[in-house]
Amino acid sequence: MATKLPKVPVVIVGMGWAGGIIASELTKAGVKVVGIERGKDRTTSDYLMGHDELRYQHRTELMQDLSKETITSRNNRSMTALPMRSYGTFIVGDGVGGAGSHWNGQTYRFLPYDFEIKTLTEQKYGPNKVKPEYTIQDWGITYDEIEPYYDKFEKMAGISGETVELYGKRSNPYPTGPMVKTPIMKEFEKVTKKLGFSPYVIPSSNLSETYKNPDGIQRGACQYCAYCENFGCEYGAKADPAVTVIPVAKNTGNLDLRTHSNVTRILNDGKKATGVFYVNTITGEEFEQPADVVVVASYVFNNVRLLLNSGLGKPYNPETGTGAIGKNYCYQVTGGATTIFFNDKEFNLYGGAGALGMELPDFTGDNFDHSNLNFIHGAGIRVTQYGNRPIANNTVPKGTPSWGAEFKKQSIKYANSTFPVKVQAASMPHRENYLDLDPTYKDAYGMPLLRMTYDYTEQDREIVKYMAQITKKIAKEFGADIMETNEEQAPFNVNKDGNTHNTGGVIMGADSETSAVNSYLQMWDAENVFVAGASAFPHNSNYNPTGTLSALSYRAAEGIIKYIQQGGLLV
Amino acid sequence: MSENEKNQQGVQDKTRRIFIKNSGLTVGGLIVGGAVGSLFGIKSDTKTEPATAMVHESAANPNEALMYFNQEQYQTTAAAAERIFPKDESGPGAKDLNVAIYIDHQLASPWGVNAKDYMVGPFQKPDEKQGGQLRILRKDLFLLGLKGLNDYSNKTFKKKFTELEAKDQDAILTDFESGKAGDLSGVSTNVFFKMLRTLTIEGAYADPMYGGNKDMQGWKMRKYPGSYMGYTKEIQSDKFVALKQQSLHDHMGH
Ligand SMILES: Cc1cc2nc3c(=O)[nH]c(=O)nc-3n(C[C@H](O)[C@H](O)[C@H](O)COP(=O)(O)OP(=O)(O)OC[C@H]3O[C@@H](n4cnc5c(N)ncnc54)[C@H](O)[C@@H]3O)c2cc1C
Ligand code: SF4
């Protein structure tokens, strides 16, 4: 029998960036919040032995324990979805800080084009530019409306960067200056400028200098220690909810943080939520936590899964295109890179940071003319320097055997002499790409797993072909000895594709027929439920998602405070 | 301590001082970072002993013992891993790096029993894009693979794998890689081969505390410094900066 706890004003499921930001804003405003997190609490002292490639990267120390839950996947509806049994792609966060503890920290804003993609595409290219099976739609918010929330997030996290002309207008410059430039970044800058492009240093959550934020949190500068992506930062230099918003929420005395607690259902009467049901993952004890407001911030996958398992909202139906929960799942496209090898140049590639690199704005969004192209949106083309850890980085020229004497020779020869000119392209929603519940497989608590039905589309394959020619052109200018371009996008492979930017499933919009939440991330069908995270994105841009999901979380926090005061739908 | 090591230590002390100066992870004056907190407590003269002092006693390394394999399984693993990552002019191969010790320890770890994998049935045959769907545990698959190597060697060359010449061992491994060597209780030899290859690379380059990468020689070969506090200066240099290897052991004093 579950223990029924006393009712609280707000319960938040998940303590990553989305949950952490909302917890901090509400508790600062004097609202009592219960924060429920399935994983453990974390501090920087956990990372003293943090520079351990095997433990953190290859044995995924900080990520969701797949023995308890995973996703199932299939490329299309005619296949049977099977569970992702061990990690291939999408390494999902777990514990206080969520994926915000082991992320890279590349922190962008989306473009004005993104928020009004349907309207702007039709205005410029006519109503038939995009085929009807691509379910693009406007977000129900404009860039100008979201700008103040981006500003707030950037000041809290201390984002380091430089203003880029081709992007949306900023009310303020970045709070800290850009990261340092390494020789490969300088070379990228030189050759792309020569080609007429406008390279800039990637905006970063790895602080370029000591910074004190408006909440009074002071953090030191990044040491370019090279154990960033997949790792926690022992210095607290990387913005992580566990060293920024969560300590602030804790300090107010208004946050009741419950770790090792897994929410299995949102309790509701069909119209409104009444609380959440959770299990203590250590003792197995079950609890019912009644609440006036339920915030679901458990990452894209569990946001969708919790709503479906709780019978909240209308499930998406790919046959009819109706319903919204599970709709417009998007990924990101990373084909089209050109890898270059130097025979007699060595760089200090062993060092670096998660968000260290340079990128071009020229081929992002609608910053170039698509009149004669059979795709919309674009890609960020970049050179990055994360620090080449030796188990993961053994790039050898094509034709080299994958083991034996020749492999050893080549992998050692090029250990410090190869890097790619990379592509990260936008992902447009498609009628057949969606999330629902798996009919067969269950998690450790007996709840159905989330099923993903996804493959790259024609739009993705076209974007990759186009971007491949550009990375090739740039790579040529580097004057490398060997150049290899990945020209075509292969089918989606849950074991291989290495991008962790999942979006959609609980999308925002202006219309309750075609979206699940409004621009405050408030559910149309249950006004006291707010669903925060990249699940709200109607499509995925070519940028990393966290800047945007965090900005939306600030807006959601504002909405929740308004809701507590006045009730009802906020839009 | 050699002059070189002294210089090295001077540089480290300096880096640490700069780091402490730059880092002030505080909430309203409260230090929130354990790493930073303990650094503040360190006096510059209580520095960690460099790990190099131990290197010469490696013959007595208590870590070189078996948790899982029997002697023959150990020998077969060592021989196969050596073919994946052989000794050459650039430096030691898997054998000298203790890769088979690493593999033994990994198979005895929670990873060997798939502790963090989703192991609930039904187990169905996957499409190639759906990832592995094996019921068998890693530790069991590996032993099947070792037995398979010997069976296939006996069948092909009438000898055990460890008794073959290098080029014949390569021929056996090539057939395992392509799957031509058949199945191991229903699992393609290719699956075992991939696991062997991955474990070999891990054993060459993982931190030496896991049993492989002996004396950090895997890192030395590719001029990988191992584990430092930071590289702010090095990454900005136009010239390649070769640093002396350090492992996690060097951070034990923090
Ligand atoms: C290796 C890596 C690198 C990345 N790099 C970048 C980058 O450079 N830039 C960028 O913009 N993005 C990056 N990302 C993505 C970024 O980390 C995520 O977008 C972001 O952290 C998501 O925040 P969130 O709060 O929505 O979800 P999460 O951080 O995943 O937090 C959700 C929390 O909810 C908890 N939870 C889930 N289910 C339950 C439940 N049922 N009950 C209780 N608690 C639950 C989880 O344990 C978790 O702590 C990266 C991701 C990874 C994995
Ligand atoms: S690279 Fe910088 S931000 Fe990343 S973990 Fe190291 S010190 Fe922290």
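Here the residue index of a chain counts from 1 through its sequence in written order. Chains and ligands are labelled sequentially in the order written, the chains with letters from A and the ligands with numbers from 1. With the structure being a predicted model, the display of local features is reserved for residues of pLDDT at least 70 and the display and counting of side-chain atom pairs for 80 or more, all residues being used for whole-chain, interface and lining totals. No hydrogens and no water enter the side-chain calculation; it runs on all heavy atoms of the structure.

Undergrad: Is there a simple way to explain the site of ligand 2 in this structure?
TA: In this text, near means that some heavy atom of the residue lies within 4 Å of the molecule or strand in question. For ligand 2, the full set of nearby residues is Asn206(A), Cys222(A), Gln223(A), Tyr224(A), Cys225(A), Tyr227(A), Cys228(A), Cys233(A), Tyr235(A), Lys238(A), Gly352(A) and Ala353(A). Side-chain classes follow a simple rule in which Ala, Val, Leu, Ile, Met, Phe, Trp, Tyr, Cys and Pro form the nonpolar group, Asp, Glu, Lys and Arg form the charged group, and the remainder, Gly included, forms the polar group. Taken together, the residues of the shell around ligand 2 break down into eight nonpolar, three polar and one charged.

Undergrad: What am I meant to see in helix α7 (residues 245-252) of chain A here?
TA: Structurally, the α-helix is built with 3.6 residues per turn, so residues lying three or four positions apart point the same way. Taken together, the buried positions of α7(A) are occupied by Val245(A), Ile246(A), Pro247(A), Val248(A) and Ala249(A). Secondary structure elements follow DSSP: runs of H or I no shorter than four residues count as helices, runs of E no shorter than two count as strands, and numbering proceeds from the N terminus. Note on α7(A): the residue one or two positions beyond its end, Gly253(A), has a positive phi of about 80°. Accessible area is worked out with a 1.4 Å probe on protein chains only. A residue is then buried under 20% of its type maximum, exposed over 50%, and partly exposed in between.

Undergrad: Honestly, the interface of chain B and chain A in this entry has me stumped. Any pointers?
TA: Quoted interface sizes are often the accessible area lost when the parts come together. At the junction of the two partners, chain B supplies 88 residues and chain A supplies 83 residues. Together chain B and chain A conceal approximately 6,800 Å² of surface at their shared face, both sides included; 56% is due to carbon and sulfur atoms. Note on definitions: salt bridges are taken to be side-chain nitrogens of Lys or Arg within 4 Å of carboxyl oxygens of Asp or Glu. At the junction of chain B and chain A, the tally comes to three salt bridges. The partner of Asp88(B) in a salt bridge is Lys408(A), with the nearest N and O atoms 3.1 Å apart. Side-chain atoms alone can form a polar contact between residues adjacent in sequence; in general such a contact is a pair of N or O atoms within 3.5 Å, and within protein one must be able to donate a hydrogen while the other accepts it. On the surface where chain B and chain A come into contact, there are 41 residue pairs in polar contact (both at pLDDT 80 or more). Here the element with the most residues in the side of chain B that touches chain A is helix α8 (residues 189-205) of chain B; it accounts for six residues. Classifying every residue of the side of chain B that touches chain A by side-chain character gives 41 nonpolar, 27 polar and 20 charged. Contact criterion: two residues are considered in contact whenever any of their non-hydrogen atoms come within 4.5 Å of each other. The term buried area means the drop in 1.4 Å probe accessible area that two parts suffer when joined, counted for both and summed.

Undergrad: Would you mind going over the sheet that holds strand β5 (residues 82-83) of chain A with me for this structure?
TA: Paired through backbone hydrogen bonds, the strands of a sheet run either parallel or antiparallel to each other. Residue and element names in this part refer to chain A. Pairing is mixed across the open sheet formed by four strands, whose spatial order is β5-β4-β19-β18. Strand pairing shows two members of the sheet lacking a second neighbour, β5 and β18 (434-442), which therefore form its edges. For two strands to count as paired, DSSP must find a minimum of two bridges between them. Pairing of β18 with strand β19 (residues 448-453), which is carried by five bridges, proceeds in the antiparallel orientation. Across the sheet, residue Leu437 finds its bridge partner in β19, namely Leu450.

Undergrad: Explanation requested: the site of ligand 1 in the structure shown.
TA: Residues and elements named next belong to chain A. In the neighbourhood of ligand 1, 35 residues make up the surrounding shell, with Glu37, Ala99, Gln106, Asn302 and Thr546 lying closest. Residue Trp17 places a main-chain N or O atom 3.1 Å away from an oxygen atom belonging to ligand 1. Take Pro545: an N or O atom from its main chain is 3.4 Å from an oxygen atom of ligand 1. For ligand 1, whose free accessible area comes to 1,000 Å², the fraction covered by protein is 98%. For the shell around ligand 1, the secondary-structure elements that each account for two or more residues are α1 (17-28), β10 (261-268), α8 (299-310) and α11 (546-566). Per element, the largest residue contribution to the shell around ligand 1 is three residues, and it comes from β10. Computed by Shrake-Rupley with a 1.4 Å probe, the accessible areas treat only the displayed protein chains as cover when residues are assessed.

Undergrad: I'm lost on the side chain of Arg138(B) in this one. Help?
TA: Tracing the backbone through its elements, the reader meets Arg138(B) in helix α6 (residues 138-157). In this structure the side chain of Arg138(B) is engaged in a polar contact, spanning 2.9 Å, whose partner is the backbone oxygen of Trp111(B). In contact with Arg138(B), other than residues within four places in its own chain, are Ser86(A), Leu107(B), Trp111(B), Gly112(B), Asn114(B), Asp117(B) and Met195(B).

Undergrad: Any chance you could explain the environment of Lys472(A) here in plain terms?
TA: Residue and element names in this part refer to chain A. On the secondary structure map, Lys472 appears in helix α10 (residues 458-477). In this structure Lys472 comes out as partly exposed when scored by relative accessible area, which is 23%. The residues touching Lys472, leaving out its near neighbours within four places in the chain, are Thr338, Met483, Thr485 and Glu487.

Undergrad: Just to check I follow, could you spell out the confidence of the model for chain B for this structure?
TA: Do not read the predicted coordinates in detail wherever pLDDT is low. All names here are of chain B. Averaged over all residues, the pLDDT of chain B equals 84, while 76% of them reach at least 70. In this model residues 1-25 is a low-confidence stretch, pLDDT under 50, and it forms 40 contacts with partners more than four residues away in sequence or in other chains. Note that pLDDT drops below 50 for residues 27-58; the model gives that stretch 53 contacts with residues more than four away or on any other chain. Among the scores for the predicted complex, ipTM is 0.96 and pTM is 0.94. Within a predicted model, pLDDT stands for the predictor's per-residue confidence, ranging from 0 to 100.

Undergrad: I tried to follow the side chain of His51(A) on my own but got confused; where do I start?
TA: Summarising the element assignment, His51(A) is placed in the loop between β3 (33-36) and α2 (53-58). Among the polar contacts made by the side chain of His51(A), one reaches the side chain of Glu234(A) at a distance of 2.8 Å. Beyond its immediate chain neighbours, meaning those up to four positions away, His51(A) contacts Cys225(A), Tyr227(A), Glu234(A), Ser227(B), Tyr228(B) and Leu248(B).

Undergrad: What is the right way to read the pattern of salt bridges from this model?
TA: Where charged atoms of side chains with opposite charge meet at close range, the side chains can pair. Residues and elements named next belong to chain A. Summed over the entire model, instances satisfying the criterion amount to 44 salt bridges over all chains. Of the charged contacts, one joins Lys194 and Glu477 as a salt bridge, the two residues approaching to 2.9 Å between their closest N and O atoms. With Lys194 in helix α6 (residues 183-194) and Glu477 in helix α10, this pair connects stretches of sequence that are 283 residues apart. Classification of Lys194 as exposed rests on a relative accessible area of 66%.

Undergrad: Please explain unusual backbone geometry as it appears in this structure.
TA: Excluding glycine, residues mostly have negative phi values, and the peptide bonds linking residues are mostly trans. All names here are of chain B. The step from Gly121 to Pro122 runs through a cis peptide bond, and the omega angle for that step is -5°. One can find Pro122 in the loop between α5 (99-107) and α6. One non-glycine residue, Asn114, adopts positive backbone phi at about 50°. Of note, Asn114 is situated in the loop between α5 and α6. With phi around 55°, Asp215 is a residue other than glycine that occupies positive phi space.

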